[in-house]
Amino acid sequence: MKIWLNGGLQDLDSARVSVLDHGLTVGDGIFETVKAVAGRPFALTRHLDRLARSARGLGLPEPDLDEVRRACAAVIAANPMALGRLRITYTGGLSPLGSDRGDQGPTLVVALGEAARRPDSTAVITVPWTRNERGALTGLKTTSYAENVVALARATEQGATEALFANTVGQLCEGTGSNVFVVLDGEIHTPPVSSGCLAGITRALAVEWTGAHETDLPLDVLDRADEVFLTSTLRDVQGVHRVDDRQLPGAPGPVTAKAMRVFDERAGDDLDP
Ligand SMILES: Cc1ncc(COP(=O)(O)O)c(C=O)c1O
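We now turn to the structure provided with this report.

Reading the values: rules and limits
- Residues numbered from 1 in each chain as written.
- Predicted model: local features only at pLDDT ≥ 70, side-chain atom pairs only at ≥ 80, totals over all residues.
- Heavy atoms only, no water.
- Near = heavy atom within 4 Å.
- Polar contact = N/O pair within 3.5 Å; in protein donor to acceptor, adjacent residues only side chain to side chain.
- 1 Å grid on protein atoms, 1.4 Å probe; cavity = no way out; pocket = protein on both sides within 12 Å on 5 of 7 lines; lining within 4 Å.
- Sits in = over half its atoms within 2 Å of the grid points.
- Helix = DSSP H or I, 4+ residues; strand = E, 2+ residues; numbered from the N terminus.
- Nonpolar A, V, L, I, M, F, W, Y, C, P; charged D, E, K, R; others polar.
- Pairing = 2+ DSSP bridges.
- Contact = heavy atoms within 4.5 Å.
- Axes fitted to C-alpha atoms, helices over the stretch in contact; angles between N-to-C directions.

**As for the site of the ligand**
Among the 16 residues in the neighbourhood of the ligand, the closest are listed as Y145, E174, I201, T202 and T233. Within the backbone of I201, one N or O atom sits 2.8 Å away from an oxygen atom of the ligand. In this structure, T202 approaches the ligand through a side-chain N or O atom, which is 2.6 Å from an oxygen atom. Assessed atom by atom at 2 Å from the grid points, the ligand resides in the largest pocket. Breaking the shell around the ligand down by element, the ones donating at least two residues are strand 9 (172–175) and helix 5 (201–210). For the shell around the ligand, a count of residues per class yields 3 nonpolar, 9 polar and 4 charged.

Structure representation (structure tokens):
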């Protein structure tokens, strides 16, 4: 397995970053997960735009997006696989032992792992912890993901694959690594970015391609929605057949199934929409 580290391909087993990298010591970094299908990245331009936005939000040096593109192409070419999770990580780099960032320059890693196609529906839970819609990191895809680690572990314990958060004012927000959609009276709704959710790339495409509405929704909309689905880079559009103890028999329901079809068709037509 070859990865890209700071300017070139290296063997995964021997590639090294400093133990004082600010990404390791304080989670000062950003990332992207890109789907690679049969050797081609999906929606790479949107992912690179978001990487640059996250870097600006964290005050990291502007990433060299030409290098990141070259790195992605090199890593994908070096590790052929049917479905891959391409992971771009960009951190504050070698730094003092505190929250001040050093001046040695950022660390860039691009790595690829094998991924499996997700089932068409899954179970989710809700968690009592909140997303902060007014935080310094809101909307940025940072490597400070330990809250998601905790919430996802609880989901796994309960036989689910995703945990959904409300924000600080009780509105439905997002999952640990996905956005959430609900169907009410045949119409599709998803929380607006002002709820504090990540501006998911799959979310944006699903909104564009299905005409979903961006609506402030209370968390308990999950108790009455006719259908619920998730979107993310590796889930695409995925139905939900259980929310906590509530079963949604027949998931993916008809509106979700149509959204899945439309997504597959449009994504198949254009690899960089
Ligand atoms: C917190 C969070 N929300 C939503 C998403 C979905 O975003 P995307 O569709 O760009 O993968 C992700 C990404 O995986 C995420 O980490």
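**Section: the sheet that holds strand 2 (residues 8–11)**
The strand order 2-1-6-5-3-4 describes an open sheet built from 6 strands, whose pairing is antiparallel. Across the chains shown, the open sheet's two edge strands, defined by having one partner strand only, are strand 2 and strand 4 (40–41). Looking at chain direction, strand 5 (residues 83–91) and strand 6 (residues 107–114) are connected through 8 bridges and run antiparallel. Paired with R87 across the strands is A111, a residue of strand 6. Here helix 2 (residues 44–58) sits on the sheet and contacts strand 3 (29–37), strand 4 and strand 5; the angle it forms with strand 3, its principal contact strand, is near 175 degrees.

**Points about unusual backbone geometry**
In this structure, the amide linkage connecting A251 to the following residue, P252, adopts the cis form with an omega of 0 degrees. Within the element layout of this structure, P252 appears in the loop between strand 15 (246–247) and helix 6 (254–269). One non-glycine residue with positive phi stands out, namely D185, at about 50 degrees. With respect to the helices and strands, D185 occurs in the loop between strand 10 (179–184) and strand 11 (187–190).

All quantities given are derived from atomic positions and should not be read as evidence of function.
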